[in-house]
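Architecture at a glance
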Amino acid sequence: MCIPYGVMSSKDNGYVETKPKKHIKKVSQREFEKGDPDFVDEGIEAYTPKKKGSFFDNLFS
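Quantities reported herein were computed from a predicted structural model and do not represent experimental measurements. Along each chain, residues carry numbers from 1 onward, in the same order as the chain's sequence is written. Confidence filtering applies because this is a predicted model: local features only for residues at pLDDT of at least 70, side-chain atom pairs given and counted only at 80 or more, and all residues used for totals across whole chains, interfaces and linings. As a rule here, side-chain values come from all non-hydrogen atoms in the structure, and water together with hydrogens is ignored.

Describing the overall build of the protein chain
Tallying secondary structure elements over the protein chain gives three helices and zero strands in all. Starting at the N terminus and walking to the C terminus, you meet the elements of the protein chain as α-α-α. Only protein chains enter the accessibility calculation, which uses a 1.4 Å probe; a residue whose area is less than 20% of its type maximum is buried, one above 50% is exposed, and one in between is partly exposed. For the protein chain, the residues scored as buried account for 0% of the 61 residues in total. Where accessible areas are quoted, they stem from the Shrake-Rupley method and a 1.4 Å probe; at the residue level, only the protein chains shown are allowed to cover. For the protein chain, the computed accessible surface area is about 7,600 Å², with 57% contributed by carbon and sulfur atoms. Numbered from the N terminus, helices here are DSSP runs of H or I no shorter than four residues, and strands are runs of E no shorter than two.

With respect to the packing of aromatic side chains
A pair of aromatic rings is counted whenever rings of Phe, Tyr or Trp (Trp by its six-membered ring) have centres within 6.5 Å, and the orientation is called stacked for planes under 30 degrees apart, edge-to-face for over 60 and tilted otherwise. Under the criterion given, the structure shown has one aromatic pair. Centroid distance Phe55 to Phe56: 5.4 Å. Interplanar angle 75°. Geometry classified as edge-to-face. There is no split in this pair, since Phe55 and Phe56 are both exposed.

Thoughts on the confidence of the model for the protein chain
When pLDDT is averaged along the protein chain, the result is 78, and 79% of the positions lie at 70 or above. Looking across the protein chain, the model is least confident in helix H1 (residues 5-8), with a mean pLDDT of 64, and most confident in helix H2 (residues 29-34), with 89. Confidence of the predictor in every single residue is expressed as pLDDT, which spans 0 to 100.

Let's talk about a nonpolar patch on the surface
Note that patches include only residues with greater than 30% relative accessible area and no salt bridge, and the join distances are 9 Å for like charges and 5 Å for nonpolar side chains (Val, Leu, Ile, Met, Phe, Trp, Tyr). Here, a salt bridge means any Lys or Arg side-chain nitrogen found within 4 Å of an Asp or Glu carboxyl oxygen. A cluster of nonpolar side chains, Phe55, Phe56, Leu59 and Phe60, forms an exposed patch at the surface whose accessible area comes to about 530 Å². Checked against the element boundaries, Phe55 lands in helix H3 (residues 55-60).

In structure tokens:
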């Protein structure tokens, strides 16, 4: 025997889920244009070219 989808959900239990609002702080126009003066970028490393060696140098070192 099949039960239709609308039969079980005819009663409302009154539960309403409230999600917290996501808020992002607005920054000043100067900081938006120039960037944060206290920001330290740790992801960028100085460029160092790799030493090219022969196959055997790479194999034995």
